[in-house]
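Residues per chain are reported as follows:
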Amino acid sequence: MNLPNKLTLTRLILIPFFIAAFYLGFFSGHYFVALGIFVVASITDFFDGYIARKYNMITDLGKFLDPIADKVLVLSGLIVLISDPYETNVFAQIGTIGVIYGGVGVAIIMAREMVVSSLRMMAAKKGIVLAAEMTGKVKTFFTDVTIIILLLTGDLLNFAPSVGVIFDYIGLACFGISVLLTVYSGISYLIKNKEVFKG
């Protein structure tokens, strides 16, 4: 197994530790620990692709594992945020409407990922390789940043409530933009690869 694939595998291994740290609410600062793990995992996403391309280390295993690791990391981050059982739940800070906003947004993001993955499988059966698009990469980057802001908000609401509230609104606004980018990139991907549906 080459270095890029090891980095991808590391990202997958870090996900359970991220989730565990997030929910360990019996000690203060658990959001910061979860944030640190998430950031490290996100960085591996950049380096595995960069190293694979620069040193011609692209493998079929990497093509298979990398998108899975990306999707599981991002969706894990979003799901734990909307299901946070503590009073610092960033979506619950603005009441029921915030919880609905988060739930619907995450459902849209999950649906997009399932549709794109299904489209890639259909294309693969026809011998067509669908390349990743820039809109998808921008969406992923922005969603990662959004999750980082929302994770930071959790402990700020404990240690500096007035600052935490500001970050909460910034994070929720970023989340809305992430959902819009997700919808746009998904529609764009379907339109540009519509030939997959022919026949």
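Everything numeric here is computed off the predicted structure, so don't read it as measured data.

Describing the overall build of the chain
- Counting secondary structure elements, the chain contains 6 helices and 0 strands.
- When the helices and strands of the chain are read in sequence order from the N terminus, they spell out α-α-α-α-α-α.
- Relative to the compact-globule value of 16 Å for 199 residues, the chain shows a C-alpha radius of gyration of 18 Å, a close match.
- Each principal axis of the C-alpha atoms in the chain carries an extent, and together these give about 55 × 35 × 20 Å.
- Here the chain, with 199 residues, has 43% of them falling under the buried criterion.
- Carbon and sulfur atoms make up 75% of the accessible area of the chain, which amounts to about 10400 Å² in all.

A look at unusual backbone geometry
- For Asn-56, which is not glycine, the phi torsion reads 50° and is therefore positive.
- By the secondary structure assignment, Asn-56 is in the loop between helix H2 (30–54) and helix H3 (60–82).
- Taking the relative accessible area as the measure of exposure, Asn-56 reaches 68% and is therefore exposed.

Let's talk about the environment of Phe-22
- Along the chain, Phe-22 falls in helix H1 (residues 3–23).
- Excluding residues that lie within four positions of it along the chain, Phe-22 makes contacts with His-30, Tyr-31, Ala-34, Val-80, Leu-81, Asp-84, Tyr-86 and Leu-151.

A closer look at the packing of helix H5 (residues 134–159) against helix H6 (residues 161–192)
- Close contact between H5 and H6 brings their axes to 8 Å; oriented N to C, the two are set at 160°. Classified by the interaxial angle, the pair formed by H5 and H6 is roughly antiparallel. Handedness of the H5/H6 crossing: left-handed.
- Considered class by class, the residues forming the contact of H5 with H6 number 18 nonpolar, 12 polar and 2 charged.

So, empty space enclosed by the protein
- For the structure shown, the criterion picks out 1 cavity of 30 Å³ or more.
- Roughly 40 Å³ of internal volume is contained in the largest cavity.
- When residues of the lining of the largest cavity are traced back to their parent elements, those giving at least two are H2, H3 and H5.
- At 3 residues, the largest contribution of residues to the lining of the largest cavity is made by H3.

Some words on the packing of H2 against H5
- At their nearest, the axes of H2 and H5 sit 8 Å apart, and the two run at 165° to each other. Overall, the two elements H2 and H5 adopt an arrangement that is roughly antiparallel. For the pair H2 and H5, the crossing hand works out as left-handed. Along the contact surface, H2 presents His-30, Tyr-31, Phe-32, Ala-34, Leu-35, Phe-38, Val-39, Ser-42 and Asp-45, while H5 presents Thr-140, Asp-144, Ile-147, Ile-148, Leu-151, Leu-152, Gly-154, Asp-155, Asn-158 and Phe-159.
- In terms of residue class, the contact of H2 with H5 is made up of 11 nonpolar, 5 polar and 3 charged.

Parameters and conventions
- Along each chain, numbering runs from 1 in the same order as the chain's sequence is written.
- The predicted origin of the model limits local features to residues at a pLDDT of at least 70 and limits the giving and counting of side-chain atom pairs to 80 or more, whereas totals for whole chains, interfaces and linings rest on all residues.
- Hydrogen atoms and water are omitted, and side-chain values are computed over all heavy atoms in the structure.
- In this text, helices come from DSSP runs of H or I with a minimum length of four residues, and strands from runs of E with a minimum of two, each type numbered from the N-terminal end.
- Radius of gyration: over C-alpha atoms. The globule rule applied is 2.2 Å multiplied by the number of residues raised to the 0.38 power.
- Accessibility here uses a 1.4 Å probe with only protein chains present; expressed as a share of the type maximum, an area under 20% marks a residue as buried, one over 50% as exposed, and anything in between as partly exposed.
- Per-residue and other accessible areas follow the Shrake-Rupley method at a 1.4 Å probe size, with only the shown protein chains counted as cover for residues.
- Residues are treated as being in contact if the distance between any of their heavy atoms lies within 4.5 Å.
- Here an axis means a line fitted to C-alpha atoms, over the contact stretch when the element is a helix, while the angle between two N-to-C directions is reported on a 0 to 180 degree scale.
- An angle below 35 degrees is read as roughly parallel, one above 145 as roughly antiparallel, one from 65 to 115 as roughly perpendicular, and any other as oblique.
- By convention, the crossing between two helices is left-handed when the near helix turns anticlockwise from the far helix through less than a right angle, and right-handed when the turn is clockwise.
- Each residue receives one of three labels: charged for Asp, Glu, Lys and Arg, nonpolar for Ala, Val, Leu, Ile, Met, Phe, Trp, Tyr, Cys and Pro, and polar for the others, Gly being one of them.
- Buriedness for pockets is judged along seven lines, at least five of which must meet protein on both sides within 12 Å for an open set on the 1 Å grid over protein atoms alone, while cavities are sets there where a 1.4 Å probe fits but cannot get out, and lining residues have an atom within 4 Å of a point.
- Grid points are joined across faces, edges and corners, and a volume is the space filled by probe spheres set on the points.

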